[in-house]
Amino acid sequence: MKRTEYQALRKITGGYHGSSHEKLLAIAHIEPLEVILDDISVRWAARATRTGNRTIKALLDQQATTLRDPSLAEWYDGRGASLTRTPLHPIAEAFHKTTITPEERSCGQSNNTATTPLIDLTILEPQDEKSHTPGYWQAGLGTLLDEGWRVCYTDGTGREGETAAGVYSHDRKGNPPRSYGSFAGNISSVEDGERLAIALALEKEEAEMIAIASESQAAIQSIRNISKGVPPRSQIECRIKKALTAGTRDIGILWVRGHIGICGNEQVDKQAEFESILGTISESSKIATEEGMKAISKATRKCFRQQPGFNPRTCEWNRQALSAYTWTRTERGPQNKWLHHIKKANSPLCSTCGATETGHHMVFECLKYEGIRREFLAGKGSWEDLDKADWRKVGEGDKAWYFEAVEELFGHLSTRGHDGEIDLLVGELGMTKTDEAGR
Ligand SMILES: [Zn+2]
């Protein structure tokens, strides 16, 4: 598959044999096939998590049992064969643990059990036009504490893609403050971390009046929905639902704006950060949600799209210009440095300047092209400068002009490939007949 992809890339970009696969992907403005396929499978897995697909779950259960059954391992070892413990694909692993069964989905619906209605505790923002009293926040939280609520600050963090949840709770009834949290893994979103923190707080706190403080509007909304009877969408939401239905305590929910200097918020930030650093070495099981899977997959694709040179504009150029851009940028082509390297030229040096003739030299430095460079490149001195411009062929005025100009410059450079003797080398450099015909 990789080979076919590479061949296709060379046809698209006019790149020479030996050009870096990654650079060709960027120039052709194409994400790796692997990443795209992975994204498709993640989307399917994510959908299956939501619908609680029994067939897939059964398959995964079976696989997991086979892999972890110690007696089976013994059986294998006894026969001199080693059981290769292939770990489950991380998504499969998380899916195995977190998929929701239809019973869980209908939890609270089938038997008409109403969850504890939530009490909306609204605290005004300090700069809110309704409140001109500075420090109203503290006052509001103080009032809650005086009324006897146990305030639980919840937070999710996504440090380097490793989501974790943290909770800090305190009250004014003489109970000691508590800090705890859990690692959520690397296939859940920050919002999932926020939800997990809320689930943890609901499960662990024993007070009769619990006020959950969260800075995530999304997490708060999903709890409101659950309390109104909307089916849970993930394992975390199932846990929240179970915790809401258990007991008859008062549960209040309030939105706090993060990083505003509330002591509890700072405490909980630290706790979540700590859980994230603790990460995989902690014992807590990883979780995955539809949202999280999609978010992570999206991030992977974005990562590729932000590579240097990953810009749609070059694809719109004519064949000659694109090909010249490709071989100067990938440093594989009819520049003397490469020709010398493959023993097709006597010297790696530029005949005009005496410097090593690289693609970079030709585009940005060589005196031979100084004239057309001054005319077309308009002071752009590096590949990064070329990457930055977001001009398209469809643009008007200056932007369209830039497009034409840079295309023109590379078009001019492309004639280099047809210079007498060098032209004869094109075949030997790895260009096939089809490549030539396509140019
Ligand atoms: Zn030169």
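Notes on the structure follow. Since the model is a prediction, treat every value here as computed from it, not as a measurement. (Residues numbered from 1 in each chain as written. Predicted model: local features only at pLDDT ≥ 70, side-chain atom pairs only at ≥ 80, totals over all residues. Heavy atoms only, no water.)

1. Some points on the overall build of the protein chain
Check the secondary structure of the protein chain and you find 21 helices and six strands. Taking all 439 residues of the protein chain together, the buried fraction comes to 46%. Pairs at least 24 apart in sequence give 68% of the contacts found in the protein chain among residues at least 6 apart. (Helix = DSSP H or I, 4+ residues; strand = E, 2+ residues; numbered from the N terminus. Buried < 20%, exposed > 50% of the residue type's maximum accessible area, 1.4 Å probe, protein only. Contact = heavy atoms within 4.5 Å.)

2. Observations concerning the packing of aromatic side chains
Under the counting rule described, the total for this entry stands at five aromatic pairs. Centroid distance Phe364 to Trp383: 5.1 Å. Interplanar angle 85°. Geometry classified as edge-to-face. You can see Phe364 sitting in helix α16 (residues 359–365) and its partner Trp383 sitting in helix α18 (residues 383–388), a full 19 residues away along the chain. The structure contains a cluster of three or more aromatic residues connected by ring pairs, namely Tyr325, Phe364, Trp383 and Phe410. In this structure, Lys204 is placed above the aromatic ring of Tyr180, and the distance from its NZ or CZ to the ring centre is 5.7 Å. For the cation-ring pair, Arg332 lies above Trp338, with the distance from its terminal atom to the ring centre recorded as 4.3 Å. (Phe/Tyr/Trp six-rings, centres within 6.5 Å; stacked < 30°, edge-to-face > 60°. Lys NZ or Arg CZ within 6 Å of the ring centre and 35° of its normal.)

3. Description of the packing of helix α1 (residues 2–13) against helix α2 (residues 21–28)
The contact between α1 and α2 brings their axes to 10 Å, and the two run at 50°. Between α1 and α2, the interaxial angle falls into the category oblique. The hand of the α1/α2 crossing is left-handed. Two secondary-structure elements touch here, α1 through Lys2, Glu5, Tyr6, Leu9, Arg10, Ile12 and Thr13 and α2 through His21, Leu24, Leu25, Ile27 and Ala28. (Axes fitted to C-alpha atoms, helices over the stretch in contact; angles between N-to-C directions. Parallel < 35°, antiparallel > 145°, perpendicular 65-115°, else oblique. Left-handed = near helix turned anticlockwise from the far one by under 90°.)

4. Some words on the environment of Ala164
Its location among the elements puts Ala164 in strand β3 (residues 162–170). Taking the relative accessible area as the measure of exposure, Ala164 reaches 0% and is therefore buried. With near-sequence residues (within four places) excluded, Ala164 lies in contact with Asp155, Gly156, Thr157, Ser182, Phe183, Ala184, Gly193, Ala272, Glu275 and Ser276.

5. Quick look at the coordination of the zinc ion
The zinc ion binds to the protein through Cys350 (SG), Cys353 (SG), His361 (NE2) and Cys366 (SG), with metal-donor distances spanning 2.0 to 2.3 Å. Around the zinc ion, the four donor atoms are arranged such that angles at the metal cover 105 to 113°; this shape is classified as tetrahedral. Positions of the donor residues of the zinc ion, expressed as sequence spacing, correspond to C-x2-C-x7-H-x4-C. On the basis of relative accessible area, His361 is assigned to the buried category, the value being 3%. (Donors = N, O, S within 2.8 Å, 3.2 Å for Na, K, Ca; no water. Tetrahedral: all angles 85-135°; square planar, octahedral: opposite > 155°, others 65-115°.)

6. Describing the packing of helix α9 (residues 190–204) against helix α10 (residues 217–228)
Relative to each other, α9 and α10 sit at 50°, their axes nearing to 8 Å. The pairing of α9 with α10 is recorded here as oblique in orientation. Between α9 and α10 lies a crossing of right-handed hand. When α9 is examined against α10, the residues Glu191, Glu194, Arg195 and Ile198 are found in contact with a partner set consisting of Ala218, Ala219, Ser222 and Ile223. Per-class residue counts for the contact of α9 with α10 are four nonpolar, one polar and three charged. (Nonpolar A, V, L, I, M, F, W, Y, C, P; charged D, E, K, R; others polar.)

7. Focus on the pattern of salt bridges
All told, the structure shown has nine salt bridges when counted by the stated rule. In this structure, the salt-bridge partner of Lys2 is Glu34, at a minimum N-O distance of 4.0 Å. With Lys2 in helix α1 and Glu34 in helix α3 (residues 33–51), the pair connects residues that are 32 residues apart, well separated along the chain. In this structure, Asp171 and Arg150 form a salt bridge, with 2.9 Å as the shortest nitrogen-oxygen distance. (Salt bridge = Lys/Arg side-chain N within 4 Å of Asp/Glu carboxyl O.)

8. Regarding a nonpolar patch on the surface
Where nonpolar side chains cluster on the molecular surface, the patch consists of Met1, Leu33, Leu37, Ile40 and Trp44 and spans about 520 Å² of accessible area. The exposure class assigned to Leu37 is partly exposed, which follows from its relative accessible area of 43%. (Patch = residues over 30% accessible without salt bridge, like charges linked within 9 Å, V, L, I, M, F, W, Y side chains within 5 Å. Areas by Shrake-Rupley, 256 points an atom, 1.4 Å probe, with all protein chains shown as cover.)

9. Description of unusual backbone geometry
Glycine aside, residues mostly have negative phi angles, and peptide bonds mostly take the trans form. Here His29, not a glycine, exhibits a phi torsion of approximately 60°, which is positive. Along the chain, His29 turns up in the loop between α2 and α3. A positive phi angle is found at Lys343, which is not glycine, with a value near 65°.

10. Considering the pairing of strand β5 (residues 209–214)
The buried fraction of β5 amounts to five of the six residues, a majority that puts the element mostly inside the structure. Across six bridges, the pairing between β5 and strand β6 (residues 250–255) is parallel. Within β6, the position partnered with Ile210 by the bridge is Ile251. (Pairing = 2+ DSSP bridges.)

So, to be careful, I would describe these as geometric facts and stop short of saying anything about function.
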